[in-house]
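# Observations on the model geometry
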Amino acid sequence: MIFSSLLFLFWFLPIFFTLYYVCPAKYRNIVLFAGSIVFYGWGEPKFLILLLLSIIVNYAAGRLIGHFTGPARKISLIFALVFDFGMLLFFKYINFFIGNLNHLTGLHLTDVAVTLPLGISFYTFQIASYVIDVYRGKVRAERSILTLGTYLCMFPQLIAGPIVVYADVAEKLHERRVTLSEITDGVSIFILGLGSKVLIANNVGALWTEAGKIGYENLSTPLAWLAMLSFSLQIYFDFNGYSLMAIGLGKMLGFTFPKNFNHPYMARSITDFWRRWHMTLSGWFREYVYIPLGGNRKGTARTYVNLLIVWALTGFWHGADWNFILWGLFFFVVLAVEKLFLTDFLEKHPVFSHVYAKLLIAFSWMLFAITDFSQIGVFFTRLFGLKGGTDWLYYGRNYGVILLIGCILSTPVLSGLFERYGKRIPGIAVCMLIFLASVAYLADAGYNPFLYFRF
Amino acid sequence: MASDEKRNTTEYLLLILFGGCVMLTFLLYLILPQNDFSQKENRYLQTRPAITLSGLKDGSFMDKFDTYTTEQLPFRECLVDVKAMLNALTLNRENNDIVLGADGYLFEKCYGKSTQLSKNETAILTFIENAGRPVTVAIAPTASEILKDKVPAGCPQADQSAELKDLYDRIDALPNGNSVDLAAVLAAENAGSGVQLYYRTDHHWTTDAAYLAYGEIVGAENAVDQASLTRHSVDDFYGTMAAKYKGTDLSSDTLVWYDVPIETFRRSDGDFDTLYDLDKLEIYDKYAMFLRGNDEICTIGAENAKTGRHLIVCKDSYANCLIPFLTYNYDRITVVDLRYYAESLAGLLAEDPDADILLLYNFSFLNEDNHFYRLTS
């Protein structure tokens, strides 16, 4: 099930939240767990087994790590991590490896008939944070399997993040109170997320889809730039929309999830961008990969090797294809250059740094969005090759307004207004209008893609 | 005290409105009667599915339920119009892939020559090579080609005339191939007279355009005089493209037909004594009146010509408003729609060795349909 659907809005929400609020506080984890199982099982019933198995394995590993001292702790940890990442590798990457092995060796191994379980990349990272933190002694092993299950399956962030580490919610998993004003805040955040996804992301995304249908080789240069802008806005409003919806739903349940985006397109360097974009993912890599590898404490050369590893993995996490690795490595190169000498210069030149960061971010999205390397080449030839045509007149008029709205909403200019009027009548009216408009767009079920099926 | 209360209501107002809206909609889903057919979109709608174990197992229950929540949403048609309006407010001339052009004309987009087009062209050429008798091919250009000046500048469209010229050259190079260029006559008529050749809101051509094409196919000297036929018309026709584009600002079309007497009309759903189903004029999809809608195979017997000649037509729905005129040239017309006719076409041709053969399609169908292989199978 996805949030931006009429099924979720008008069936799941009323039934689930009625049960959740009616239920006494101490039984709410049961309702949340059961609701999450329905939510996940709706689209992927067969993968429920995988999810439940993951709960059992990591619960047992956690208890063993908590119970033993000495090598048994380490063995339990390794066992759990091999299981977690083994599942991820198998379901997400097996055919990528087979394909490349065939290519390299000339073998003809057939692909394995697997489909990617929804959200596996997200929940694997979440559960790994739990066993690692138990091992490090940062959190105590969870005694109740239901509580751990509730953490892992919690429907708001299950399929598209944010990546909530166990330590952040451990306390609330055991005891939480939810007030009417928190629920109201949650509703307004949820509606903003829904509007982001349905009204902005889907509409600007339609232009990117059109560019694909026209064929990159047929695009005029202005249209290629418009298309690149449209994808950049689509991925931001889509992803941030999902995160906001998750954070809003979390609030309605009594949880506080971490912020995932902080106006990333206002960044003035790529270093800055990754402090603002998908913050929970970069946080996870820092905490569980970069720092354990030694971070920047083992000399310059080792620091760059560590960065290289982190960024190759970050790219690969986003999808089992070479273009995602290329995308990650692109960031490694740019971040390394910035770290070496560029940062000071960027800080001194605000106009240049804004243009620089926005262009590089947009180019990086093209590496991300186009999986075929030769097509990436074609697209960049169109961006810089000066090809004329009238197509941009047509698409410029059709999408100009929505692209402009997207650009404005990428900046913090309206955030102040929301803080000020969000809880007063005008803010409430705007929220309800956004909600009704989103429902109207969902009613005419056309274009409503789910972008994270590869994650 | 009073002001405290007021602040409290405002504080929770959003929760009350949102919660109320969600709960109310949920209840309306349960209470309101379900529609199982949408006239406007001319399709069946999903009603609330029953839970079955097998449906849960293979996921078909969930899929149907998803569709149900969309198609039975309370006030759906009204909300869909709201979406069309919001879309128009952002100056977007497209809704659901339908483009609003000049003078209220709607157009479909076309991203150029498809891979299917080459396959279909090959199927047609192979069919002509193996037919053993002359085959006439007439491909109608669609509105975006003839009414180019009404299509917004830069909207993706195929160069239909160029594509068709290439195909016609290859057809005419075959001994049995005979192509009829419909684009020229329609373009000339469009430049010269005020006759409406395409519906504003439907993807078909008008009966007047079909008559012009008919004249090209049989030759002007063999064509029945349009003025000698009794003309009927009905207003308030909104077509298939209007159903997709939605919106409330479209102007309607007039649907025209001519009295054409026949002797017999045998369809797969029964025998009839007229070519037109006037009951269809009461529903949304009025164009379905011609030949009573698409059918896998139907046969028309007529005595308007008494030429003793037979015709076999393979066609799409563009042909439905043209075929009535052909009864003035043929005593028997067999009409085959390869989308639904899965039996052997070769067998059908062998049964009627003297019949003329006509392939009559529109360009967008030729570009997209994937049943042309049945010409040769």
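Residues numbered from 1 in each chain as written. Chains lettered and ligands numbered in written order. Predicted model: local features only at pLDDT ≥ 70, side-chain atom pairs only at ≥ 80, totals over all residues. Heavy atoms only, no water.

## Considering the pairing of strand 12 (residues 297-301) of chain B
All names here are of chain B. Here strand 10 (residues 264-267) runs beside strand 12; their pairing, made up of three bridges, is antiparallel. Following the sheet pairing, T264 is matched in strand 12 by G301. With five bridges joining them, strand 12 and strand 14 (residues 332-336) adopt antiparallel strand pairing. Paired with I297 across the two strands is V336, which belongs to strand 14. (Pairing = 2+ DSSP bridges. Helix = DSSP H or I, 4+ residues; strand = E, 2+ residues; numbered from the N terminus.)

## Overview of the packing of helix 2 (residues 28-43) of chain A against helix 6 (residues 145-153) of chain A
Residue and element names in this part refer to chain A. Across the interface, helix 2 lies against helix 6 with an axial gap of 9 Å and an inter-helix angle of 45 degrees. In terms of orientation, helix 2 and helix 6 fall into the oblique class. Here helix 2 and helix 6 pass one another in a crossing that is left-handed. On the side of helix 2, the interface is formed by N29, I30, L32, F33, S36 and I37, while helix 6 contributes L146, T147, G149, T150 and C153. The residue makeup of the contact of helix 2 with helix 6, split by class, is six nonpolar, five polar and no charged. (Axes fitted to C-alpha atoms, helices over the stretch in contact; angles between N-to-C directions. Parallel < 35°, antiparallel > 145°, perpendicular 65-115°, else oblique. Left-handed = near helix turned anticlockwise from the far one by under 90°. Contact = heavy atoms within 4.5 Å. Nonpolar A, V, L, I, M, F, W, Y, C, P; charged D, E, K, R; others polar.)

## Observations concerning the nonpolar core
Core analysis: the largest hydrophobic core is formed by 230 residues, its most contacted members being F8 and W365 of chain A together with W205 of chain B. Ranked by residue count, the leading element in this core is helix 10 (residues 221-253) of chain A, at 17 residues. With sequence-adjacent residues up to four places away left out, W365 of chain A is seen in contact with F231, S232, I235, Y265, F273, W277 and W327 of chain A. Counting residues in each nonpolar core, the second largest holds 34 residues, with L167, V336, L348 and F372 of chain B among its members. (Core = buried A, V, L, I, M, F, W, Y, C linked by side-chain atoms within 4.5 Å. Buried < 20%, exposed > 50% of the residue type's maximum accessible area, 1.4 Å probe, protein only.)

## Topic: the domain arrangement of chain B
In many analyses, interface size is given as the accessible surface area lost on bringing the parts together. Residue and element names in this part refer to chain B. By the assigned domains, chain B splits into domain 1 (2-77) and domain 2 (103-375). For domain 1 versus domain 2, the distance between C-alpha centres works out to 42 Å. Each partner contributes residues to the interface: domain 1 has four residues there, and domain 2 has five residues. Taking both partners together, domain 1 and domain 2 bury about 470 Å²; carbon and sulfur atoms supply 53% of that area. Area buried by domain 1 at its contact with domain 2 is led by Q39, K40 and N42, which between them contribute 85% of it. For the pair domain 1 and domain 2, the interface holds zero salt bridges. In this structure, the connection of domain 1 to domain 2 is made through zero residue pairs in polar contact (both at pLDDT 80 or more). (Domains from an automatic or database assignment. Buried area = accessible area lost by both parts, 1.4 Å probe. Salt bridge = Lys/Arg side-chain N within 4 Å of Asp/Glu carboxyl O. Polar contact = N/O pair within 3.5 Å; in protein donor to acceptor, adjacent residues only side chain to side chain.)

## Examining the interface of chain A and chain B
Facing 47 residues of chain A, the contacting portion of chain B comprises 49 residues. Counting each side, the surface lost to burial between chain A and chain B is near 4,300 Å², with a carbon and sulfur contribution of 72%. Run the count over chain A and chain B and you get three salt bridges. A salt bridge links D444 of chain A to K83 of chain B; the shortest N-O distance between them is 3.3 Å. When residues of the side of chain A that touches chain B are assigned to their parent elements, the largest contribution, 12 residues, is made by helix 19 (residues 425-443) of chain A. Considering only residue class, the side of chain A that touches chain B consists of 33 nonpolar, seven polar and seven charged.

## Section: the sheet that holds strand 13 (residues 310-315) of chain B
All names here are of chain B. Here we have eight strands laid out as an open sheet, ordered 7-6-15-13-14-12-10-11, and mixed in their pairing. The sheet terminates laterally at strand 7 (177-180) and strand 11 (270-272), the two strands that pair on one side only. Between one strand axis and the next, the sheet turns by 20 degrees as a mean value, whatever way the strands run. Most of the contacts of helix 7 (residues 160-172) go to strand 7, to which it runs at about 150 degrees, and overall it touches strand 6 (135-140) and strand 7.

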